[in-house]
Amino acid sequence: MASHPDRPTRPESRRESRPESRPSPGGYRELLRMHLEPVLQRAAQSTRLPLVACADSVLARDLLASADLPLFVNSQMDGYAVRSSDVAGAGPDSPVRLRVVGSTHAGHGPGPEIDDDEACKVMTGAPLPDGADCVVPVEDTTVEDTTVEDTSVLVHAPRVAGEFVRRPGDDVRAGDLVIPAGTRLEARHLAAAASLGESGLDVRPRPRVGVVATGSELVAPGRPLEPGQIWESNSLTLGAALRACGCEVTATVISSDERDDFTAALDIATGDADLVVTVGAVSMGDAEVVRQVLADREGARFAPVAMQPGGPQGLSSWRDTPVVCLPGNPVSALVSFVVLLRPVILEAVGRVPVQTGRALLSRDVSSPAGKTQYLRAALVPGSAGAMSGPPTAEPVSGPGSHLVASMARADVLIEIPADVTSLAAGDEVVVVPL
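Keep in mind it's a predicted model, so treat the numbers as computed, not measured.

Conventions and cut-offs
- Residues numbered from 1 in each chain as written.
- Predicted model: local features only at pLDDT ≥ 70, side-chain atom pairs only at ≥ 80, totals over all residues.
- Heavy atoms only, no water.
- Helix = DSSP H or I, 4+ residues; strand = E, 2+ residues; numbered from the N terminus.
- Buried < 20%, exposed > 50% of the residue type's maximum accessible area, 1.4 Å probe, protein only.
- Contact = heavy atoms within 4.5 Å.
- Areas by Shrake-Rupley, 256 points an atom, 1.4 Å probe, with all protein chains shown as cover.
- Lys, Arg positive; Asp, Glu negative; His and termini not counted.
- Charge placed at Lys NZ, Arg CZ, Asp CG, Glu CD.
- Core = buried A, V, L, I, M, F, W, Y, C linked by side-chain atoms within 4.5 Å.
- Pairing = 2+ DSSP bridges.
- Axes fitted to C-alpha atoms, helices over the stretch in contact; angles between N-to-C directions.
- Parallel < 35°, antiparallel > 145°, perpendicular 65-115°, else oblique.
- Left-handed = near helix turned anticlockwise from the far one by under 90°.
- Nonpolar A, V, L, I, M, F, W, Y, C, P; charged D, E, K, R; others polar.
- pLDDT = per-residue confidence, 0-100.

The next thing to look at is the overall build of the protein chain. Along its length, the protein chain carries 7 helices and 28 strands. Overall, the C-alpha framework of the protein chain stretches about 95 × 60 × 45 Å when taken along its three principal axes. With 434 residues in all, the protein chain has 44% of them scored as buried. The long-range share in the protein chain, meaning contacts at least 24 apart out of those at least 6 apart in sequence, stands at 72%. Surface exposure of the protein chain reaches about 20400 Å², of which carbon and sulfur atoms provide 52%. Distance between charge centres in the protein chain, computed from 38 positive and 56 negative side chains, equals 10 Å.

Structure below.
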């Protein structure tokens, strides 16, 4: 570890980190993948977690059944375990009388063995007594008023062998594939694992991410503002977006534009993180502290991407931890995450990529030449209904990267290719879910 991590670690000029051509969003994602290779390698491994902590993780190895399920022959209903041959002639007007020889409940032993003209009272899940081959539901029976020592039950309906009986292997057989690797674990998967006696599962580790939002004008929401200040939203936005992708957010720090403040924030954010994401101060202004501190480090790259919003981007490292630097305008930050970083994060955790869709543009739009533009939009179902015909994409605001409140009305980004400068209402467009 360097003794002065905030100082440049290479003598080259900053210009060498700025290639002349701006990469496309797709090209920059490849740079991100290379930059985050340590994160991808760690995430490709597996870690054992207790079952209670596995929800929303991705299973790293196939889960095979360790035993037959159900584990033993048991009753599917509350009722009476009997021999089917004894009740074959039972009916509403011709009930069959059986002597009740005992009872058993779930969690107990199988109860007494059943002989001819006998029954054993059973509860749902109770082991089926030996000698019985079916269960008569309690609603098809009537208990006769007899002495405690000699209880009888009248059966009013016939039953065949195996009826209302659960047998081992009805659900799964030992060795069957229960949950394939790569599955994002939800409640139903954990139920299956628990029913097989699994106390934990091998899952893909969650990337640990620290978030640093920069800006001397930023104030935590809920606190009073001084002139020139604004409420900070980027750390909350990025933290929520990272968690939704399966990451563990280990630290969230708000830093001023002072160098010492920012380097202290980096020290906190790196901690035990696999990755740090900074937001803001990556452009060419006088107070771009992120760029000033990180641009001259070994392997750093600070240069625009050919997209709008979200052009200014940076890659660097701090204390051997990869750092991804996003622009500070809230819309730019979220669009950058969705378009550039989210696909790489989802790949790292083994989740299914977010699929793009198609929609019809609601109105004419223009776009700058040479940049892929991402317009915030709301999807409106087609006139024939959402399930038939493409939806309409209705832009919710202009291209300004500061228009954050209108972002709440958007559920997709309209992607306009770099070589397209205008589109007409009714044109089909690619949409990226937010």
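From this point, things continue past the structure.
Below, the discussion takes up the nonpolar core. Core analysis: the largest hydrophobic core is formed by 39 residues, its most contacted members being Leu32, Leu36, Leu275, Val324, Val335, Phe337 and Leu341. Ranked by residues supplied to this core, first place goes to helix 7 (residues 330-349) with 13 residues. Other than its neighbours up to four places away in sequence, Leu32 contacts Leu315, Val324, Leu340, Leu341 and Val344. If you look at the next biggest cluster of nonpolar residues, it comprises 18 residues, including Val276, Val290, Ala295 and Trp318.

This part takes up the sheet that holds strand 21 (residues 321-326). On the basis of which strands lie adjacent, the open sheet formed by 6 strands has the order 16-13-17-21-20-18 and mixed pairing. If you trace the sheet from one side to the other, it starts and ends with strand 16 (248-255) and strand 18 (301-304), each paired once. Neighbour-to-neighbour, the strand axes of this sheet turn through a mean angle of 15 degrees, independent of strand direction. Its contacts with the sheet put helix 5 (residues 259-270) on strand 13 (208-214), strand 16, strand 17 (275-279), strand 20 (312-318) and strand 21, and the angle it makes with strand 16 is roughly 170 degrees. Packed on one face of the sheet, helix 7 meets strand 17, strand 20 and strand 21 and runs near 145 degrees to strand 21.

As a further point, take the environment of Ala241. Inspection of the secondary structure puts Ala241 in helix 4 (residues 234-244). On the basis of relative accessibility, which here comes to 15%, the residue Ala241 falls in the buried class. Between the C-alpha atom of Ala241 and that of Tyr28, which follows or precedes it by 213 residues, the distance is 20 Å.

Attention shifts here to the sheet that holds strand 6 (residues 118-122). Strand order in this open sheet of 6 strands is 7-4-6-5-9-8, and the pairing throughout is mixed. The sheet terminates laterally at strand 7 (134-137) and strand 8 (141-143), the two strands that pair on one side only. On average, each strand axis in the sheet is tilted by 40 degrees relative to the strand beside it, whichever way the strands run. Taken together, the 3 bridges between strand 4 (residues 79-82) and strand 6 define a ladder with antiparallel strand orientation. Of the residues in strand 6, the one forming a bridge with Gly79 is Val122.

Let's shift gears to the packing of helix 4 against helix 7. One way to put it is that helix 4 packs onto helix 7 with a least axis distance of 10 Å and a crossing angle of 15 degrees. The angle between the axes of helix 4 and helix 7 places the two elements in the roughly parallel class. In this structure, helix 4 meets helix 7 at a crossing whose hand is right-handed. Across the interface between the two elements, Asn234, Thr237, Leu238, Ala241 and Leu242 of helix 4 pack against Pro330, Ala333, Leu334 and Phe337 of helix 7.

Taken N-terminus to C-terminus, the directions of helix 1 (residues 25-35) and helix 7 make an angle of 45 degrees; their axes are 9 Å apart at the nearest point. For the element pair helix 1 / helix 7, the angle class is oblique. Judged by the sense of rotation from one axis to the other, the crossing of helix 1 with helix 7 is right-handed. Listed contacts from helix 7 to Pro25, Tyr28, Arg29, Leu32 and Arg33 of helix 1 are Val339, Leu340, Leu341, Pro343, Val344 and Glu347. Looking at the contact of helix 1 with helix 7 residue by residue, the class counts come to 8 nonpolar, no polar and 3 charged.

What follows deals with unusual backbone geometry. Leu69 connects to Pro70 through a cis peptide bond whose omega is -5 degrees. If you trace the backbone, Pro70 turns up in the loop between strand 2 (63-64) and strand 3 (74-75). Non-glycine residue Phe164 carries a positive phi angle of around 60 degrees. The phi dihedral of Asp320 falls on the positive side, at around 65 degrees, and the residue is not glycine. The exposure class assigned to Asp320 is exposed, which follows from its relative accessible area of 73%.

Confidence in the prediction for the protein chain averages 90 pLDDT; 91% of positions are at 70 or higher. Every residue in residues 1-20 scores below 50 in pLDDT, and together they form 39 contacts with partners more than four places removed in sequence or on other chains.

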